[in-house]
Amino acid sequence: MQKKLHFSTEKKIRLDEFLRKELPECSQLCGHEISNSKIRRLIVAGAVSVNGREVLRPAFELRGKSDVCVALDIDKFFFEKQPDDAKFEVTDASVLYEDEDLIFIDKPARFPVEQTITGNRANLHDSLVDFLWHRNPALRNPPYVGIMHRLDRETSGVILFTKTRAVNAAISEIFQTHTLTKQYFAVVEDNGKVREGESFTVKMNIGRTSSKSQQGKWGEVPQSSGGQFSHTDFKVLRRLTIEGRSCLLIECTLYTGRTHQIRVHLSSRGLPILGDTLYGGKPATRMYLHAAYLAFSLGDKEYNVHSSPDFLAFS
């Protein structure tokens, strides 16, 4: 159901702030609550015009006489996809390694690392804070847990958190300078393009290729357009059967850490990850990408943390 809402003002005010005041009064008309995040999404999606011109910036400043039009598709805009996140909470069995400064967790697939814009969503960071607090109930405040890197919601495996702020700068430097070893396992359908034992390398400049109003998608873009250098080495380990499909297990060694790097690199070679429909993979019960190994030095200490993907047990 389409609706067009019209407002006028002569105030000097940000567009999102103006709509924040005006739209709640239309909630009864629409039959739904209109949150701040929905207002921002409305603007970025191109549903708001000022004096007949589309405005995409929530911070756009209204000046003088401004006629504001909001185009709403009520059914689409207020539909909320229910998250299909895995049920999970951190337990002793989830901890791969821990010392006084760092803790490595075995993250399940389909579980977000941190809170998202949708709000009030179970996530790994909050679960880890709860786990550490329950283990030490004498603490008056929640324990500190620092996020140093991220895994996609669909990706499983080793993820590192800090337990003290004192090591944050050193860990951040390790990730920024790539003075660490990161290896993943990916499962791709066997399409005859590579063979067992074969190795190959992908290097390219990666940047966002989708608009900000769409699901984030990355791909090869020129450096002049903001592309960042990326490098992954791949080795085809063996054949296996996953969800009834003939597949290949590929070891991925990263030398850079760009968004969706492995997903983009494999897709560019015609080998999209099984379940990674964003980059051409066939639908599956999950995206078959697993962070298997993370290693680095911190001071005089060596960290070498492994995680074995559960899908290998059923292949």
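Above this text sits the structure in question.
What counts, and at which threshold
- Residues numbered from 1 in each chain as written.
- Predicted model: local features only at pLDDT ≥ 70, side-chain atom pairs only at ≥ 80, totals over all residues.
- Heavy atoms only, no water.
- Helix = DSSP H or I, 4+ residues; strand = E, 2+ residues; numbered from the N terminus.
- Buried < 20%, exposed > 50% of the residue type's maximum accessible area, 1.4 Å probe, protein only.
- Contact = heavy atoms within 4.5 Å.
- Areas by Shrake-Rupley, 256 points an atom, 1.4 Å probe, with all protein chains shown as cover.
- Pairing = 2+ DSSP bridges.
- Phe/Tyr/Trp six-rings, centres within 6.5 Å; stacked < 30°, edge-to-face > 60°.
- Axes fitted to C-alpha atoms, helices over the stretch in contact; angles between N-to-C directions.
- Parallel < 35°, antiparallel > 145°, perpendicular 65-115°, else oblique.
- Left-handed = near helix turned anticlockwise from the far one by under 90°.
- Nonpolar A, V, L, I, M, F, W, Y, C, P; charged D, E, K, R; others polar.

A.B. asks: How would you explain the overall build of the chain if you had to name every residue and give the values?
C.D. replies: A tally of regular secondary structure across the chain gives 7 helices and 17 strands. Burial status across the chain gives 45% buried among its 315 residues. In the chain, of all internal contacts separated by at least 6 residues, the share reaching a separation of at least 24 is 63%. Total accessible area computed for the chain in this model is approximately 16,900 Å², and 47% of it derives from carbon and sulfur atoms.

A.B. asks: Before we move on, can you summarise the pairing of strand S8 (residues 102-107) with the specific residues and values?
C.D. replies: By the criterion of burial, S8 is predominantly enclosed, with 5 of the 6 residues buried. The antiparallel hairpin formed by strand S7 (residues 95-98) and S8 contains 3 residues in its connecting segment.

A.B. asks: Tell me what's going on with the packing of aromatic side chains, and back it up with residues and numbers.
C.D. replies: Counted according to the given criterion, the structure contains 9 aromatic pairs. Between Phe104 and Tyr303 the ring centres are 5.8 Å apart and the planes differ by 35°, which places this aromatic pair in the tilted class. Highlighted residues: Phe104 in strand S8 and Tyr303 in strand S17 (residues 301-306), separated in sequence by 199 residues. There is no split in this pair, since Phe104 and Tyr303 are both buried. Put simply, the rings of Tyr97, Phe104, Phe296 and Tyr303 pair up and form one aromatic cluster.

A.B. asks: Just give me the short version of the environment of Gln223, but keep the residues and values in it.
C.D. replies: Mapped onto the fold, Gln223 is located in the loop between strand S13 (218-220) and strand S14 (228-242). Here Gln223 falls in the exposed class, since its relative accessible area comes to 61%.

A.B. asks: Describe in detail helix H3 (residues 36-44), supporting the description with residues and values.
C.D. replies: When H3 is considered as a whole, its buried residues turn out to be Ser37, Lys38, Ile39, Leu42 and Ile43. Gly46 sits one or two residues past H3 and shows a positive phi near 85°.

A.B. asks: So what about the packing of helix H1 (residues 15-22) against H3? Which residues, and what values?
C.D. replies: Helix packing geometry: the angle between the two helix axes and the distance between the axes. Put simply, H1 and H3 touch, their axes get as near as 10 Å, and they point 125° apart. On the basis of their axis angle, the class for H1 and H3 is oblique. Where H1 crosses over H3, the two elements pack in a sense that is right-handed. The segment H1 lies against H3, with Leu15, Asp16, Leu19 and Arg20 engaging Asn36, Ile39 and Ile43. Partitioning the contact of H1 with H3 into residue classes produces 4 nonpolar, 1 polar and 2 charged.

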